[in-house]
Amino acid sequence: MLAKSRESGGYPLVRHALDVACAVEALVLGTGLGRRLAALGGRESLTGAEVACLCVLGALHDIGKTNHRMQAVLRGEATGPGGHVAPLLALIEPAGDAAPLARAARAALRYEIVAGWFADTLDRDDDGCESEPALAWRLALGHHGGLSRPKYVGDLRARWAPHDGVDPIAAMGGIVDRIAEWFPAAFETGAPPLPSTDAFAHAVAGLLILADRLASSEAAMGADPTAPADPDESRARLRAAVARALGPAPAIDRLPGWSDLLGGGAPRPPQAAIDDLAVDPAGSLHLLEAPTGSGKTEAALRHYLRLRRAGLVDGLYFALPSRAAAAQLHDRLGRMLGAVHGAGGPPVLLAVPGYLAPDPATALERPDLQYPDEEAAGADGWPARHAGSFLAAPLAVGTVDQVLLGALDVRASHLRGISALRPLLVVDEVHASTPYMLGLLDEVLGRLAAAGGHALLLSASLGASARRRLMRPRGRAARRDTRESSPDDDTRPRRAALWRAGDDAPVWADDGVIADRRVALALDRPASDDPAAATVVGDASAAALATFDPERVLAAARAGARVLVIRNTVAAALATQRALEAEATGDPAAPLLRVGAVAAPHHSRFAPDDRRALDRALEAAFGKDAPAEGGIVAVATQTAEQSLDIDADLLLTDLCPADVLIQRLGRLHRHGDRRRPAGFETPVARLLCPAAATLDALAADRKGRGRPRPGLVGLGAAGASVYEITAAAATLAALEAEPPGPDLADGTATHALVLPARAAALVEAATDESRLEAFARARDSVAGGTGWRNLWTDRVGVAGADGQQARYALRRWSDPFPGTWPQATETRLASRLGAADRLLRFDPDAPPPGPFGTPVPALTVLDWLARKAVPRPEAWPTDPVPETALRRREGGFAVDLGATPLTYDRLGLRPADDRDEEEEV
């Protein structure tokens, strides 16, 4: 009996079954998963008999492959899908003519013994038959990430009855007998059942998927997969495969000093506070709130090293809100961990699908994936080359989406869910999470607390309501008495704080040693109160330039200033870039951000390699190692507002809510030891604001209700929606109340904004619902009408709907393990609300040229842009774009898919009707 096709080496089914069982054993006994599983089951540890039962469940996963049809496919004697799960499920439900076969199959499988390993109460029909397979069998047979009710699979006798000297049911019995020989403790009478908690069952489902995928690799199968299975050899081989594939990360024998992590520097107060945290074997959840540039990344790394030294985590997963931020941190964290582990340490995986293909020379050595029979095998390099396995890597930096997908009711969520229990989970910029994402993150944190796992949240601008929700008592914290303290004041001038879940007050708060800095903040408004000048109404390019003076910006750069312009939309960024280039006409050395000799803005709509080139260019111009002399202007979107170690002298930014604005202001004077050009010794920010009449007009406009909800696009594209305007307008009102600051050189009046002392009060003004409601009522009393109150009501309603959507989408581990669950719903549920993006692929042998000298093999196309090119989503091309649809030119290309052509060049991807004369060439 085969487990793989002849082309794959003729891997025997009995050997594969025992290999998966040994993989389960190695994962439970050789990694932190055994400790996590025990905690989820309410145990201090798992007994030898319990571990043996789990191993047997792993061994039984493919037992249905003994059927005639499946074996014919594997031998190459038949084509098409063979099927092994649905035929077995249909077989073990005794009914009609197949009842004798079912009784024989149950006896061969020792079905009732295995079913008794869980305290599983089953519904039975009038004939005493189970309405669904026992929990143990649902777990074993759900190893492809889902389990559906068996469909009609043809004549069961043709699949299972003996013929031509082959008896599939007897073969099953022989394999089960061999499994019992290897793991006898599982079949001893009187053994107590496995833990009956719902969370334990969900975790076991993920464990079995992980073990199957791991054991199915060529590396794990060994040099001769056809050799007879030997217990000692198989256990040693799978222990080595687990160690090679999953870590744990190298042990930390000596905790590196702070100077090693900081390149010789001393720790800042938020970093030093990490060393005072208790290392709790029962699990922990902490939140570090600290200003931008205060070293939260290094603090998180220090926390990981302390936990790893104590053997409490297997690795590190650093989750960020965007692909760009993940790619930026990947190199930085890799350097820091390389300094800790040395040249022989494991690489840090960039867990961003499609963003950076693993280099074969440096990729982690990973087994191939075990795919369902209905799918073709994919590329090797597991988990580095399959998004579902990213979290299994010992050291990884990626987006928070990989973590959140493990909380959704989608295929392979159990695989992500079990993998997320092993490392220290660091969620950076947690304030960037929407209500929907917070609902998913809540589930992840709840699982970690129940399993005794560890998580650290990082933020510079988290609202108090979100903090209270995330840091509420969980796990042991829910049972312990919090320290006596007075309720925390959400608007206190606290500069930084470190929180532990379940506590009413921070375990550490800054006592004033973090220095404040003053930002000279100018509120630039258009000369006209015409709402069309700065809102979703009217021409995007004209709106984007309503309060932007390219001559003044270039003058500052020519005077030696690093100028960063952050726009709320790509359309606004492109209009700004074109305005600067028009102003610099005739000056080939104009101080604009360039990749090589090519000027370009920094935003999200670039191919992965080109985006990496832009990231490097931005770091080279604004990073610590940037030239001390010479100014520059970079135009960017939200891609430059967080998780980037860049430093500007002058910031121009669109109006946005306070929590976002504080992130952007964190790009000012980040590197304190740098010599500043004259006139910029104090950080200067110019906030590009709509007029008061503009905001009131938006509030009164009822046409944009629902989704997309009315939003302040920050002088961006018509019809777009980025930020809800109640929060943005409340931020502007709070800033107007800040004390006056010095006039700028051009005579512009400013406000003196003191950060981080004022950060908490500003964030609460823009995030606390009671304060926003009071703002809306006060604004209505001045403007007249009820527009602002209506907006606030919509805001609360949309947030509630998003939270409800999260509750609908969750696969809660506190719920009973389902009888059936979906196998392919990732197209319907996602880690973020919104339409699905699409992938545009090109001929891999002749990809079109990119703007910076690198060919473009593929492009991610946002949903709205894809619908312009192909109005019917189902008609989107899945094959590479034919050459006839491509129009190549130097530095870019155009793609014509039948509706609106798309252009890709140094300004990024956009509709072809949004091009200037230079791009037409």
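Just so we're clear, the structure is a prediction, and the values are computed from it rather than from any experiment. Counting from 1, residues in each chain are numbered in the order their sequence is written. Thresholds applied to this predicted model are a pLDDT of at least 70 for local features of residues and 80 or more for the giving and counting of side-chain atom pairs; totals over whole chains, interfaces and linings are not thresholded and use all residues. Note that the side-chain values use all heavy atoms of the structure and ignore hydrogens as well as water.

**Notes on the overall build of the protein**
Here is step 1: A tally of regular secondary structure across the protein gives 33 helices and 25 strands.
Here is step 2: For each residue, the accessible area found with a 1.4 Å probe, counting protein chains only, is set against the maximum for its type, and the residue is called buried under 20%, exposed over 50%, and partly exposed in between. Within the protein, the proportion of its 921 residues that are buried is 58%.
Here is step 3: The contact rule is simple, with two residues in contact once any of their heavy atoms fall within 4.5 Å. Across the protein, contacts joining residues at least 24 apart in sequence account for 75% of those joining residues at least 6 apart.
Here is step 4: Surface exposure here means Shrake-Rupley accessible area, sampled with a 1.4 Å probe, where a residue is shielded only by the protein chains that are shown. As presented, the protein carries roughly 35000 Å² of accessible surface, and 52% of it is formed by carbon and sulfur atoms. Runs of H or I in DSSP of at least four residues are treated as helices and runs of E of at least two as strands, each being numbered from the N terminus.

**Focus on the nonpolar core**
Here is step 1: In plain words, nonpolar cores are sets of buried Ala, Val, Leu, Ile, Met, Phe, Trp, Tyr and Cys residues tied together by side-chain atoms within 4.5 Å. Among the nonpolar cores identified, the biggest contains 133 residues, and Leu37, Leu54, Leu57 and Trp117 are the most heavily contacted of them.
Here is step 2: For this core, the leading source of residues is helix H11 (residues 198-215), giving 13 residues.
Here is step 3: Setting aside anything within four residues of it in sequence, one finds Leu54 in contact with Val24, Val28, Leu37, Leu46, Leu194, Phe200, Val204, Leu207 and Leu208.
Here is step 4: Counting 79 residues, the second-largest nonpolar core is a separate cluster that includes Ile566, Ile632, Leu687 and Leu865.

**Overview of the pattern of salt bridges**
Here is step 1: The working definition used for a salt bridge is a side-chain nitrogen of Lys or Arg within 4 Å of a carboxyl oxygen of Asp or Glu. With the rule as written, the count across this model stands at 48 salt bridges.
Here is step 2: For Glu764, the salt bridge identified is with Arg771, shortest N-O distance 4.0 Å.
Here is step 3: Between Glu883 and Arg888 there is a salt bridge, and its shortest N-O distance comes to 2.7 Å.
Here is step 4: Of the residues examined, Arg888 reaches a relative accessible area of 34% and is grouped as partly exposed.
Here is step 5: Among the ionic contacts, a cluster of salt bridges with common partners joins Arg15, Asp19, Glu233 and Arg237.

**Description of the sheet that holds strand E9 (residues 517-524)**
Here is step 1: Two strands pair if DSSP finds at least two bridges between them. Spatially, E13-E10-E14-E15-E9-E19-E18 is the arrangement adopted by the 7 strands of the open sheet, whose pairing is mixed. A strand with exactly one partner marks an edge of an open sheet, and here the two such strands are strand E13 (632-636) and strand E18 (740-741).
Here is step 2: Of the pairings in the sheet, the one linking E18 to strand E19 (residues 750-755) comprises 2 bridges and is antiparallel in character. Following the sheet pairing, Pro740 is matched in E19 by His751.

**Points about the packing of aromatic side chains**
Here is step 1: Between 30 and 60 degrees the pair is tilted, below 30 it is stacked and above 60 it is edge-to-face, where a pair is any two Phe, Tyr or Trp rings, Trp via its six-membered ring, whose centres lie within 6.5 Å. A complete count under the given rule lists 8 aromatic pairs for this structure.
Here is step 2: Seen from their ring centres, Phe606 and Tyr904 are 6.1 Å apart, and the 70° between their planes marks the pair as edge-to-face. Of this pair, Phe606 sits in the loop between strand E12 (598-599) and helix H25 (608-622) while Tyr904 sits in strand E24 (residues 902-905); the two residues are 298 residues apart in sequence, bridging distant segments of the chain.
Here is step 3: For Phe606, a relative accessible area of 7% puts it in the buried group.
Here is step 4: When the ring of Phe775 is compared with that of Trp788, the centres are 5.7 Å apart and the planes differ by 75°; the resulting orientation is edge-to-face.

**Side note on the sheet that holds strand E7 (residues 497-500)**
Here is step 1: Taken in spatial order, the 8 strands line up as E3-E4-E2-E5-E6-E1-E7-E8 in an open sheet, and their pairing is mixed. With partners counted over all chains shown, the strands left at the sheet margins are strand E3 (349-351) and strand E8 (508-509), one partner each.
Here is step 2: Between N-to-C directions, angles cover 0 to 180 degrees, with each direction set by a line fitted to C-alpha atoms, over the stretch in contact for helices. Helix H17 (residues 323-341) contacts strand E2 (316-320), E3 and strand E4 (395-399) of the sheet and is inclined by roughly 165° relative to E4.

**Quick notes on the packing of H17 against H25**
Here is step 1: Following both chains from N to C, one finds H17 and H25 inclined at 60°, their axes separated by 11 Å at the closest point. For the pair H17 and H25, the sense of crossing is right-handed. Two secondary-structure elements touch here, H17 through Ala324, Ala327, Gln328 and Asp331 and H25 through Arg611, Arg612, Asp615 and Glu619. Crossings are classed by handedness, with left-handed meaning an anticlockwise turn of the near helix from the far one by less than a right angle and right-handed meaning a clockwise turn.

**Here's the deal with the pairing of E4**
Here is step 1: Along E4, 5 of the 5 residues are buried, which leaves the element largely enclosed by surrounding structure.
Here is step 2: Pairing analysis gives 5 bridges linking E2 to E4, with the strands arranged parallel. What sits directly across from Ala319, in E4, is Gly398.

**Things to note about H25**
Here is step 1: For a helix, the expected span equals 1.5 Å multiplied by the number of residues minus one. The end-to-end C-alpha distance of H25 is 21 Å, a good match for the 21 Å that 15 residues give at a rise of 1.5 Å each.
Here is step 2: Taken as a whole, H25 has its buried residues at Asp610, Arg611, Arg612, Ala613, Leu614, Asp615, Ala617, Leu618, Ala621 and Phe622.
Here is step 3: Those residues of H25 hidden inside the fold are in contact with H17, E3, strand E10 (562-566), strand E11 (594-595), E13 and E24.

**Let's talk about unusual backbone geometry**
Here is step 1: Residue Pro248 follows Gly247 across a cis peptide bond; omega there is 5°.
Here is step 2: Turning to its location among the elements, Pro248 is positioned in the loop between helix H13 (231-246) and helix H14 (258-261).
Here is step 3: Of note, the amide linkage connecting Leu755 to Pro756 takes the cis form, showing an omega dihedral of 10°.
Here is step 4: Its location among the elements puts Pro756 in the loop between E19 and helix H29 (759-767).
Here is step 5: A positive phi angle, near 55°, is found at Asp164, a position not held by glycine.

**Thoughts on the environment of Arg812**
Here is step 1: Structurally, Arg812 is set in the loop between helix H31 (787-809) and strand E20 (838-841).
Here is step 2: Separated by 369 residues in sequence, Arg812 and Glu443 place their C-alpha atoms 6.8 Å apart.
Here is step 3: Excluding its chain neighbours within four sequence positions, the residues that come into contact with Arg812 are His202, Glu443 and Arg807.

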